[in-house]
Amino acid sequence: MSRRTVATLPSILGQMSNAYVIRNIVNEDGSALVSDHGAHVINWAPDGGTPVIWQPKAVYLGEGTAIRGGIPVIFPWFGKGYEQGHATDKRPKHGFARVSDWHVDPDTLTDRHVRYTLDSDEIDADTLAQFISGPDPRFHAEVDIAVGRELSVVLTVENTGDAPITYEAALHTYFRVGDVRCTRIAGLVDTRYLDSADGFAEREQTSGPLTFDGGMVDRIYYSDGTLLIEDDALHRTIKVEKSGSSQTVVWNPGEEAGNAIGDMMDGEWRDFVCVEAAANRDRAITVEPSDAHTLSQTIRVN
Ligand SMILES: O=P(O)(O)OC[C@H]1O[C@H](O)[C@H](O)[C@@H](O)[C@@H]1O
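Because the structure is a prediction, the values reported are computed rather than measured.

**Things to note about the packing of aromatic side chains**
What describes a pair of aromatic rings is the distance from one ring centre to the other and the angle between the planes of the rings. Inspection of every chain in the model, using the stated rule, returns 13 aromatic pairs. Ring centres 6.1 Å apart and planes at 90 degrees place the aromatic pair Tyr174 and Trp251 in the edge-to-face group. In this pair, Tyr174 is assigned in strand S14 (residues 174–176) and Trp251 in strand S22 (residues 247–252), connecting sequence segments 77 residues apart. When sorted by exposure, Tyr174 lands in the same class as Trp251, which is buried.

**What about the sheet that holds strand S8 (residues 103–104)?**
The strand order across the open sheet formed by nine strands is S8-S9-S10-S11-S25-S21-S20-S15-S18, and the pairing between neighbours is antiparallel. The sheet terminates laterally at S8 and strand S18 (210–211), the two strands that pair on one side only. Pairing of S8 with strand S9 (residues 113–119), which is carried by two bridges, proceeds in the antiparallel orientation. For His103, the partnering residue across the bridge sits in S9 and is Thr117.

**As for the state of the cysteines**
All chains considered together, the criterion is met by zero disulfides. Cys182 carries a free sulfur, and the closest cysteine sulfur to it, the one in Cys274, is 18 Å from it. Residue Cys274 is classed as buried on the basis of its relative accessible area of 0%.

**Describing the site of the ligand**
Within the structure, the ligand sits among Arg68, Phe78, Lys93, His94, Arg98, His172, Tyr174, Asp218, Val249, Trp251 and Glu276. The separation between an oxygen atom of the ligand and a polar side-chain atom of Arg68 is 3.1 Å. In the environment of the ligand, an oxygen atom lies 2.9 Å from a nitrogen or oxygen atom belonging to the side chain of Lys93. Protein burial of the ligand: of its 390 Å² of free accessible surface, 82% is covered by the chains. Assessed atom by atom at 2 Å from the grid points, the ligand resides in the largest pocket. Its residues assigned to classes, the shell around the ligand comprises four nonpolar, two polar and five charged.

Thresholds, definitions, all that
- Residues numbered from 1 in each chain as written.
- Predicted model: local features only at pLDDT ≥ 70, side-chain atom pairs only at ≥ 80, totals over all residues.
- Heavy atoms only, no water.
- Phe/Tyr/Trp six-rings, centres within 6.5 Å; stacked < 30°, edge-to-face > 60°.
- Helix = DSSP H or I, 4+ residues; strand = E, 2+ residues; numbered from the N terminus.
- Buried < 20%, exposed > 50% of the residue type's maximum accessible area, 1.4 Å probe, protein only.
- Pairing = 2+ DSSP bridges.
- Disulfide = S-S within 2.5 Å.
- Near = heavy atom within 4 Å.
- Polar contact = N/O pair within 3.5 Å; in protein donor to acceptor, adjacent residues only side chain to side chain.
- Areas by Shrake-Rupley, 256 points an atom, 1.4 Å probe, with all protein chains shown as cover.
- 1 Å grid on protein atoms, 1.4 Å probe; cavity = no way out; pocket = protein on both sides within 12 Å on 5 of 7 lines; lining within 4 Å.
- Sits in = over half its atoms within 2 Å of the grid points.
- Nonpolar A, V, L, I, M, F, W, Y, C, P; charged D, E, K, R; others polar.

What follows is the structure in structure tokens.
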């Protein structure tokens, strides 16, 4: 078993301190860096190969700060939230999970696997009250990360209270690509989507794979199927399978918005595309007392 806690790493820049634990999960089939802050996969590469999960050139860690790149865990609202047919203005953006310090379940920590937990008791009442289901939701959340030739991330939310809970969620996965303008997403033909870059206009992808031309793409597809990320620059295809989510968000900020993002360097927008297993807006998840919902994503190079 090769597990270690790394306080400083040459590839991690910014406000690194002992308060932030980055775990190096390494085995003969793959390797990943995982942060306790956010239960966040920072990167993953199968089998000594080219990284598949994108890590920016600089990773900034700070209290209340979301880590850019990797796989942010979005829970219990997406963006600024949505309730009863209307956009809301919840804070922090994309929910509190990605800025919370999760706990490692020590029995689960191996050179292939780690499980994180987070409970509603640890979140302040005002923040919690923003759940779609209203004040005082009770939950126990787990994020299971399995590292090997495949990467699997599983978010399970159990309702530990007496009333139903309703929330939005996503695994906001940044995939490394050679150049997003030479990348296609296949598997979305005949799929309805909301165009978040155009006031959430309802549209349908009628033909061909989704391509990127350097403008912003930000869409919520009503897709629960397997997708392929075809990368002509790195000459590889990444297969993205999922369960427990009836939507897939696809996002790349494009040149103008990408270069304006403070925690990314100019030009880095070309290096990734986000393909996110999601359950948002009208597809938010409701969990009855004592029940649980699992949302998962499994990634491999084809
Ligand atoms: O910059 P962030 O808060 O991490 O959000 C990054 C992006 O996340 C998602 O993909 C949303 O659909 C986008 O609208 C948003 O811009």
